[in-house]
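Single-letter residue listing:
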Amino acid sequence: RDGRRIAGPGRFHPASRLSASRMKRFFQPAAPDPSKRAKGSGDDPTALGGSQVGDNDKRSDPRSFVTWNANSLLGRLRKQPDKDALFEYLRKKDLPDVICVQETWLPAAAPNRRGTLKDDTKAAREDAALIHLCLRQKPLSAYRPYWSCSDVKRAGCAVLVKKDVDVVSVRRSLTASPGDAHDEGRVLLLEFRSFVLLNTYAQNNGWTRESFAKRRRWDAEVDAFLAGDTAGATPRPRFDSDSASSRGFKPLIWTGDLNVCHREIDVTHPRFFATQKPDGRKGKPPPSPPADPGDVGQPGFTPNERARFERLVTAHALVDAYRRCVGDVKDAMTWMGHPGVVAVGKYCGMGMRLDYFLVENELADRVDVCEQATDGMGLAAMAERPASAFFGSDHCAVYLRLKDGKSDGEGATTPTMT
């Protein structure tokens, strides 16, 4: 009706030819999603998401780190204010080389695929798609993810490493069984050229005899790993035989939510936490009081937990990087009770320091900066869990920066000692 000639059979209007051309381009095979991992154990760093970087383009070691218990990484990334606050913090820290996360709440694809996100249900695929989308957005697009996923949601941890940093190996367990991985995703052990990074979401002591026993087993596994060459423990990575090192082991950085307060100064109200008792839940009575007085008190602050932690720190010459930098400052908390919620109102304004960077002596002199996102905030402000430090979680971020080390041969770096 508008005067155009309609193409008959076997003839095509020019617009039709153009449309077909566009459609041909549109239906080209999609490029592989760089955020999706290859299936398998996940222990091979080259199988992880993100475009690959040639070996010649990679730096030997990371120097800056952040650790943060997200209290559901999925939940934080779903909420735009939390996500914006996290991204702003990372930018202020000049995009740390490594980001360690605990409580990702991302279940594993299968018991033998704990390095891969679950994707066999519609809900799981949607969750994984959100994570992959965020990993393609700046600033997270600069990182490659390493996952340690659990059988259930309320656990798991992750390490994001800048793509130009070389990762030598990855393990997901403190035990030595081949292909083993912690069933709650509490361990990620990354080996770099001159040191090892252990990211853990430590077992909570809980309130029952069963949970006390699980925490004791956890502490024993950590102790065996740190000792090295212990039967049943994951072997500690070593330097090459021709590298200079007194013990042969690559020095360790241990970080994460360790779920323990080392000293009384690491809680806001020592008497309160030392005398806490469990509450009954869902109409059920609370657990029976522990028979051992050393198990009495708030999980993370019981005498037995603190004594075992002190033995670990002393026996393995671990240095608390934060205390080394700032000394015995008070009210330096990384966890704060929920502000004003009736169900957990007794913890309002109460805090604990549960998140650490512990380094072995060989790395202690390289500690340049270690700071908590709550530093200088004051307890009253901290109690509100501001987004600038907590990003929607109940834990704040902790930042570590190392001084540069001196190279010593191919594939290894000896820390600068003074």
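Residues numbered from 1 in each chain as written. Predicted model: local features only at pLDDT ≥ 70, side-chain atom pairs only at ≥ 80, totals over all residues. Heavy atoms only, no water.

Student: With reference to specific residues and values, describe the side chain of K250.
Tutor: In this structure, K250 sits in the loop between helix 5 (209–227) and strand 8 (252–257). In this structure the side chain of K250 is engaged in a polar contact, spanning 2.9 Å, whose partner is the side chain of E191. Among all residues touching K250, those that are not within four sequence positions of it are E191, F192, R193, S194, F195, V196, R236, P237, R238, F239 and E360. (Helix = DSSP H or I, 4+ residues; strand = E, 2+ residues; numbered from the N terminus. Polar contact = N/O pair within 3.5 Å; in protein donor to acceptor, adjacent residues only side chain to side chain. Contact = heavy atoms within 4.5 Å.)

Student: Can you break down the nonpolar core residue by residue, with the values?
Tutor: Counting 39 residues, the largest nonpolar core has Y89, I131, L140 and W147 as its most contacted members. The set of elements that each furnish at least two residues to this core consists of strand 1 (64–69), helix 2 (73–78), helix 3 (80–92), strand 2 (98–102), helix 4 (122–135), strand 3 (143–148), strand 4 (157–162) and helix 11 (387–390). In contact with I131, not counting residues within four places along its chain, are L74, L77, L106, L117 and W147. Ranked by size, the runner-up nonpolar core spans 29 residues in total, among them C157, L190, I253 and V398. (Core = buried A, V, L, I, M, F, W, Y, C linked by side-chain atoms within 4.5 Å. Buried < 20%, exposed > 50% of the residue type's maximum accessible area, 1.4 Å probe, protein only.)

Student: Account for the environment of L197, naming residues and giving values.
Tutor: Mapped onto the fold, L197 is located in strand 7 (residues 196–201). Residues L197 and V98 lie 99 residues apart in sequence; the distance between their C-alpha atoms is 9.8 Å. In contact with L197, not counting residues within four places along its chain, are F65, V98, C100, V159, L188, L189, L190, F192, I253 and T255.

Student: So what's going on with helix 5? Which residues, and what values?
Tutor: Each α-helix winds once per 3.6 residues, and so residues spaced three or four apart point in a common direction. In a regular helix each residue adds 1.5 Å, so 19 residues correspond to 27 Å; helix 5 covers 27 Å between its end C-alpha atoms and thus fits that length. Regarding helix 5, the residues found buried are S211, F212, A213, R215, W218, D219, V222, A224, F225 and L226. Buried residues belonging to helix 5 abut strand 6 (187–191), strand 7, strand 8, helix 7 (303–315) and strand 9 (318–320). (Expected span 1.5 Å × (residues − 1).)

Student: Now, about the packing of aromatic side chains: what can you tell me, with residues and values included?
Tutor: Per the stated rule, a full pass over the model turns up 11 aromatic pairs. A ring pair is formed by F65 and F357, whose centres lie 6.4 Å apart and whose planes are at 55 degrees; its orientation type is tilted. Taken together, the residues span a long stretch of sequence, with F65 in strand 1 and F357 in strand 12 (residues 355–360) at a distance of 292 residues. Its relative accessible area of 1% is what places F357 among the buried residues. (Phe/Tyr/Trp six-rings, centres within 6.5 Å; stacked < 30°, edge-to-face > 60°.)

Student: If you had to explain the packing of helix 5 against helix 7 to someone new, which residues and values would you point to?
Tutor: In the contact formed by helix 5 and helix 7, the axes pass within 11 Å of each other and the chain directions differ by 5 degrees. Between helix 5 and helix 7, the angle falls in the class roughly parallel. Residues R215, R216, D219, V222, D223 and L226 of helix 5 touch helix 7, and the partners they reach there are E305, R308 and L312. Along the lines of polarity and charge, the residues of the contact of helix 5 with helix 7 split into 3 nonpolar, no polar and 6 charged. (Axes fitted to C-alpha atoms, helices over the stretch in contact; angles between N-to-C directions. Parallel < 35°, antiparallel > 145°, perpendicular 65-115°, else oblique. Nonpolar A, V, L, I, M, F, W, Y, C, P; charged D, E, K, R; others polar.)

Student: Quick one: what's the story with unusual backbone geometry, residue by residue and with numbers?
Tutor: Geometrically, the link from K138 to P139 is a cis peptide bond, its omega value of 5 degrees lying close to zero. Positionally, P139 belongs in the loop between helix 4 and strand 3. The phi torsion at D94 lies on the positive side, around 55 degrees, for a residue other than glycine. Secondary-structure assignment places D94 in the loop between helix 3 and strand 2. One non-glycine residue with positive phi stands out, namely N259, at about 55 degrees. Tracing the backbone shows N259 in the loop between strand 8 and helix 6 (270–274).

Student: So what's going on with the sheet that holds strand 7? Which residues, and what values?
Tutor: Across the sheet, 6 strands lie side by side as 5-6-7-8-12-9; this open sheet has mixed pairing. The sheet is open, and its two borders are formed by strand 5 (169–171) and strand 9, each paired with just one other strand. Each strand of the sheet is rotated relative to its neighbour by a mean of 20 degrees, with strand direction disregarded. Pairing analysis gives 3 bridges linking strand 9 to strand 12, with the strands arranged antiparallel. Across the sheet, D320 pairs through a bridge with L358, a residue of strand 12. Running over the sheet, helix 5 touches strand 6, strand 7, strand 8 and strand 9 and is turned about 160 degrees from strand 8. (Pairing = 2+ DSSP bridges.)

Student: Quick one: what's the story with the sheet that holds strand 13 (residues 367–372), residue by residue and with numbers?
Tutor: The 6 strands lie next to each other as 3-4-2-1-14-13, forming an open sheet whose pairing is mixed. Strands at the two margins of the open sheet, each flanked by one partner only, are strand 3 and strand 13. When strand polarity is set aside, the average angle formed by the axes of neighbouring strands in this sheet is 15 degrees. Bridge analysis of strand 1 against strand 14 (residues 398–402) gives 4 bridges, and the strand direction is antiparallel.

Student: How would you summarise the confidence of the model for the chain if you had to cite specific residues and measurements?
Tutor: This prediction gives the chain a mean pLDDT of 84; 79% of its residues lie at or above 70. Every residue in residues 407–418 is under pLDDT 50, and counting partners more than four places away or in other chains gives 31 contacts. (pLDDT = per-residue confidence, 0-100.)

Student: I'd like a rundown of helix 3, residues and numbers included.
Tutor: Its 13 residues place the ends of helix 3 18 Å apart at the C-alpha level, agreeing with the 18 Å of an ideal helix rising 1.5 Å per residue. Every buried residue of helix 3 is listed here: D82, K83, A85, L86, F87, Y89 and L90. After helix 3 finishes, the residue D94 shows a positive phi value of roughly 55 degrees.

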